[in-house]
Amino acid sequence: MSNKVITLSPSGQNVPVVDGDTVLMSLERGGYALPNNCRAGACGECKVRVLEGQFDQGFVMDMALSQEERKQGFGLMCMAKPLSERLVIEWGSADASPKLFPPREAMPFVVVEKIQRTPRICEFQLLPLGAPLRFWPGQYVAITAPKPGATPRHYSLANAPRQDGSLTLHISRVDGGLTSNWLHEEVGIGEGLSLSGPYGSFIGDPKAETPVLCLAAGSGLAPLLSLTEAALKRGYRKPVTLLFSARREEDFYAKGRLVYWSRMHRNFGWKLTLTGEEKPGLLHGRIPGLLPRLFPDLSAHSVFMAGSTEFTEDCLSAVRALGVQESLLHHERFISQRIT
Ligand code: FES
């Protein structure tokens, strides 16, 4: 540790600086999720205004930080190293929570991959034709089928922000749902798709340093995949467990991803429970009924949950009975409205 600090404005929170670390590294060490992408001074994603103090900007590209922006006090925090004892940067809201990105309308994307994951869930992988969508893991986008009577339907993003701006969506087919059926039946690889967003505040608290339990059912898995990917990518060290509930084993998607994460990150584990059939080696029964045995004390856990309203309500009652703190509880209870 050095005697230098970074002060966040307007919250006034101080973050200690380790000698040799960039501002971005210090913030991440302190649990603050400053948006970033290339971490090499090339994309501009980590740009903030420095209000007070001096820093060494290091070598960054002009297209990521123009001369005009430098004059206005902006810097790229992935490469900036504090020189003065105190560096005040404009970041976060009054309580030092991350700011949400303003949503944009009708952003053009191309479908580059379409994979039927389960009998009802189809995965779409999209690449942007314009600037990448800036979003927090756990947020969602809106899509409207070009059909008379169709209204915007909301779909959670299933991946953490990536450098190429690619997005993954898991679309559940809903009986009579104009948009979900249009996506399943008519939108193929190579087609254009226009999205609006990002929306939602199911983003968790990047400062939390607790074990994490994620509970998901159906396409509620999508935002939890996004949150988990982001946490593991930024080096979250506490145990993270994902518990997924499916009716049958064929409804379980993303197994490959979960196995990969558990092999790559010793702090990540996952379990599958089936509610509609029994299989050797797998849990059986709904998550609320299993929790007291699996996690008898949740008083020190952050808990994230997403699924149908019924699933979320039942899980909420169960985790509250096991002592979860309200400030560490995050739920996406309206997902049943967002899967049509
Ligand atoms: S993260 Fe790309 S410029 Fe800093």
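See above for the structure.
Let us look at the structure shown here. Per chain, the residues get numbers from 1 upward, laid out in the order the sequence is written. Local features are withheld for residues below a pLDDT of 70 in this predicted model, meaning they are given only at 70 or higher, and side-chain atom pairs are given and counted only at 80 or more; totals for whole chains, interfaces and linings count all residues. With hydrogens and water excluded, all non-hydrogen atoms of the structure serve as input to the side-chain values.

**A closer look at the overall build of the protein chain**
Convention followed: Secondary structure elements follow DSSP: runs of H or I of four or more residues count as helices, runs of E of two or more count as strands, with numbering from the N terminus. Atoms considered for the radius of gyration are the C-alpha atoms alone. The globule rule reads 2.2 Å times the number of residues to the power 0.38. When accessible area is computed with a 1.4 Å probe and restricted to protein chains, residues below 20% of their type maximum are described as buried, those above 50% as exposed, and intermediate ones as partly exposed. Under the convention used here, a 1.4 Å probe and the Shrake-Rupley method define accessible areas, while residue burial counts only the protein chains that appear. Charge counting follows a simple rule: Lys and Arg are positive, Asp and Glu are negative, and His as well as the terminal groups are ignored. A charged residue contributes its charge at one atom only: NZ of Lys, CZ of Arg, CG of Asp or CD of Glu.
Across its full length, the protein chain holds seven helices and 19 strands. Here the protein chain has a C-alpha radius of gyration of 21 Å; the compact-globule value for 340 residues is 20 Å, and the two agree. Its C-alpha atoms put the protein chain at 60 × 50 × 35 Å along the principal axes. Expressed as a percentage of the 340 residues in the protein chain, the buried residues total 50%. When the accessible area of the protein chain is evaluated, it comes to approximately 15,500 Å², of which 51% is carbon and sulfur surface. Distance between charge centres in the protein chain, computed from 37 positive and 34 negative side chains, equals 3 Å.

**Let's talk about the packing of helix H4 (residues 221-233) against helix H5 (residues 255-264)**
As a reminder, the rule being used: Simply put, an axis is a line fit to the C-alpha atoms, just over the touching stretch for a helix, and the angle between two N-to-C directions goes from 0 to 180 degrees. Any angle that is under 35 degrees is reported as roughly parallel, and any over 145 degrees as roughly antiparallel; angles of 65 to 115 degrees are reported as roughly perpendicular and all others as oblique. Working rule for handedness: look at the near helix, and if it is turned counterclockwise from the far one by less than a right angle, call the crossing left-handed; if clockwise, right-handed. Residues count as neighbours in contact if any of their non-hydrogen atoms are within 4.5 Å of one another. Note on residue classes: Ala, Val, Leu, Ile, Met, Phe, Trp, Tyr, Cys and Pro are nonpolar, Asp, Glu, Lys and Arg are charged, and everything else, Gly too, is polar.
Look at H4 against H5: their axes get within 12 Å of each other, and the N-to-C directions meet at 25°. It follows that H4 is roughly parallel to H5 by the angle criterion. Crossing of H4 over H5 shows left-handed handedness. On H5, the residues touching Leu225, Thr228, Glu229 and Leu232 of H4 are Arg257, Leu258 and Trp261. Residue classes in the contact of H4 with H5 are distributed as four nonpolar, one polar and two charged.

**Some words on the sheet that holds strand S3 (residues 47-52)**
The criterion, for reference: Pairing between strands is defined by DSSP: at least two bridges between them are needed.
Here we have five strands laid out as an open sheet, ordered S2-S1-S7-S3-S5, and mixed in their pairing. Two strands in the sheet have a free side with no partner beyond their single neighbour: strand S2 (14-16) and strand S5 (74-76). Across this sheet, the average inter-strand angle for adjacent strands is 40°, counted without regard to direction. The pairing of S3 with strand S7 (residues 86-90) spans two bridges and is classified as antiparallel.

**Comments concerning the packing of helix H6 (residues 287-294) against helix H7 (residues 309-321)**
The N-to-C vectors of H6 and H7 enclose an angle of 25°; their axes lie 9 Å apart at closest approach. Between H6 and H7, the interaxial angle falls into the category roughly parallel. Note that H6 runs across H7; the crossing there is right-handed. Contacts from Ile287, Pro288 and Leu291 of H6 reach H7 at Phe311, Asp314, Cys315, Ala318 and Val319.

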